[in-house]
Amino acid sequence: MANAASITGIGSAFPKTIVSNDDIAAKLKKLGLETNDKWIRDRTGICERRYSDLENADERNSSLGLAAAVKALEMAGKSPQDIDQIIYATCTPDTPILSTACWLQHKLGAPKAWTMDLNAACSGFLYGLTVAEQFLITGKSKLVLVIGAEVLHPFVNWYDRGSCILFGDGAGAAVVEQTDEGSRHRILSSQLQSDGNLWELLYVPAGGSNIEITPEVYAQHLHKIKMSGREIFKIAVRTLSDFAVRALEAGNSTINDLDWFIPHQANRRIIEAVANRLDIPMDKVLINIDRYGNTSSATIPTMIDEAVQDGRIKKGDLLLLDAFGAGLTYGSVLLRW
Ligand code: UT7
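Description of the structure in this document. (Residues numbered from 1 in each chain as written. Predicted model: local features only at pLDDT ≥ 70, side-chain atom pairs only at ≥ 80, totals over all residues. Heavy atoms only, no water.)

1. With respect to the sheet that holds strand S5 (residues 114-118)
Threshold: Two strands qualify as a pair provided DSSP detects at least 2 bridges between them. A run of DSSP states H or I qualifies as a helix once it reaches four residues; a run of E qualifies as a strand once it reaches two. Both are numbered from the N-terminal end. Helix axes are fitted only over the stretch in contact, all axes being lines through C-alpha atoms; the angle between N-to-C directions runs from 0 to 180 degrees. Should any heavy atoms of two residues lie within 4.5 Å, those residues are counted as being in contact.
Spatially, 5 strands are ordered S1-S7-S6-S4-S5 in an open sheet, and the strand pairing comes out mixed. Of all strands in the sheet, those bounded by a partner on one side alone are strand S1 (3-13) and S5. With strand direction ignored, the average angle separating the axes of adjacent strands in the sheet is 20°. As paired strands, strand S4 (residues 85-89) and strand S6 (residues 143-150) are joined by 5 bridges and run parallel to one another. Residue Gln 85 lies in a different strand from S6, and its bridge partner there is Val 144. Each of S1, S4, S6 and strand S7 (170-180) is contacted by helix H3 (residues 61-76), which is oriented at about 125° to S1, the strand it contacts most. Packing of helix H10 (residues 299-309) onto the sheet brings it into contact with S1, S6 and S7, and relative to S1 it is tilted by some 85°.

Written out as structure tokens, the structure reads:
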């Protein structure tokens, strides 16, 4: 029987510091900009988010990834020695050179693993799951650790009130193991795509090799997130809907079969519009954007972990994961828990 891939462990971690909408409003006020709790709640669904303390080594991207990974391994009953491969989905690495995956390996152990970062922004966890699945299908790996983790707040442009309100920090991790196609609990389908022509809608201009961070670049905030929110909103609703349908069809399933729809948490209004378009009742949609904001590649694994821990997701449930992000990147993964 052919090989397949199954998530056998899940974990998450967030920094301690809670930043409320009022905290953001107070910060913007000092810069001469206006926002308020009501606007942010009404337009995004976000009430608060977490920010890492950059002075605290335990709250770095790879440290949050570590805490999430330890929990995921514990749930799977595995140890770092069992890991063949680490895929670390992030667009906010600890360091530009070397990979955050290697930082994690340094902290976790995992002596026999080979490791890599994967940057597909907010779609990163679904891209990571899909890459892992391929290595498990070919038999090249037996156990892959997939992380989705970000420390986004240092990249927030405080002079852009449309985007600075959205982002938060956090990490999710999944242990993905080889199983066989006969297993009920496995990834059933995966549909990914990207459109690099839409690069300009969401990016950080400087800090890579294109533009060095000079005092002039710094003064223009080119090392910070630049986003066209309204355009992304429309594309997100369309692509999340399209890719959800594609993944369902590829997995021979329908909306009615779903137990949980787990979309990327970028804006509550985007999630509601997609659920409405696909006719998914809101009580089947998992949402945590109110407490964590948009944590990019971490939104989906942290949401799964929360719902597994509190008993909403049960063994055998059919889950549809759905994401979009900078690139633009898109993707949807259907799996049976
Ligand atoms: O992971 C992918 C990441 N990105 C996204 O998913 C972004 C998707 N887009 C969005 O979530 C929304 O477009 C935003 C939340 C970014 C903005 O919401 P919107 O409803 O699209 O607002 P808008 O940009 O159309 O702006 C409406 C008004 C504007 O004022 P005027 O021109 O109508 O007077 C903005 O200046 O709201 C104003 N505004 C704000 N007011 C108070 C924009 N940001 C704020 C703010 N507080 N923080």
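2. What about the packing of helix H7 (residues 229-250) against helix H8 (residues 268-278)?
As a reminder of what qualifies: The cut-offs work like this: below 35 degrees is roughly parallel, past 145 is roughly antiparallel, 65 to 115 is roughly perpendicular, and the gaps in between are oblique. Crossing chirality is assigned from the near helix's rotation relative to the far helix, an anticlockwise turn below a right angle marking it left-handed and a clockwise turn marking it right-handed. We call Asp, Glu, Lys and Arg charged. Ala, Val, Leu, Ile, Met, Phe, Trp, Tyr, Cys and Pro are nonpolar, and the rest, Gly among them, are polar.
Axis separation between H7 and H8 bottoms out at 9 Å; the angle between their running directions is 45°. The orientation of H7 with respect to H8, classified from their angle, is oblique. Here H7 runs over H8; the crossing is right-handed. Contacts between H7 and H8 involve Phe 233, Ala 236, Val 237, Arg 238, Leu 240, Ser 241, Ala 244 and Val 245 on the former and, on the latter, Arg 269, Ile 270, Ala 273, Val 274, Arg 277 and Leu 278. Each residue belonging to the contact of H7 with H8 can be placed in one class, and the counts come to 10 nonpolar, 1 polar and 3 charged.

3. Details of the site of the ligand
To keep it simple, the criterion reads: A molecule or strand has a residue near it when one of that residue's heavy atoms lies within 4 Å. Whenever a nitrogen or oxygen atom comes within 3.5 Å of another N or O atom, the pair is scored as a polar contact, on the condition that within protein one atom can donate a hydrogen and the other can accept it, and that pairs from neighbouring residues in sequence are kept only if both atoms are in side chains. Note that accessible areas follow from Shrake-Rupley with a 1.4 Å probe, and for residues the cover is restricted to the protein chains shown.
Around the ligand, the surrounding shell holds 22 residues, and the nearest of these are Thr 35, Arg 43, Arg 230, Asn 267 and Arg 269. At 2.6 Å from a nitrogen atom of the ligand is found a side-chain nitrogen or oxygen belonging to Thr 35. Contact between the ligand and Trp 39: a nitrogen atom at 3.4 Å from a side-chain N or O atom of the residue. Taking 950 Å² as the accessible area of the ligand by itself, protein coverage stands at 75%.

4. A few points about the pairing of S4
Note the cut-off: Whether a residue is buried, partly exposed or exposed follows from its accessible area with a 1.4 Å probe, protein chains only, as a fraction of its type maximum: under 20%, in between, or over 50%, in that order. Handedness rule for crossovers: strands pointing away from the viewer, path from the first strand over the helix to the second running clockwise, crossover right-handed.
The buried fraction of S4 is high, at 5 of 5 residues. Alternating residues of S4 divide into Gln 85, Ile 87 and Ala 89 and Ile 86 and Tyr 88, and every residue in both groups is buried. Bridge count between S4 and S5: 5 bridges; the pairing is parallel. Counterpart to Ile 87 in the pairing with S5 is Met 116. Taking the sense of rotation as the criterion, the β-α-β connection linking S4, helix H4 (residues 100-108) and S5 turns out right-handed.

Keep in mind these values describe shape, not function.
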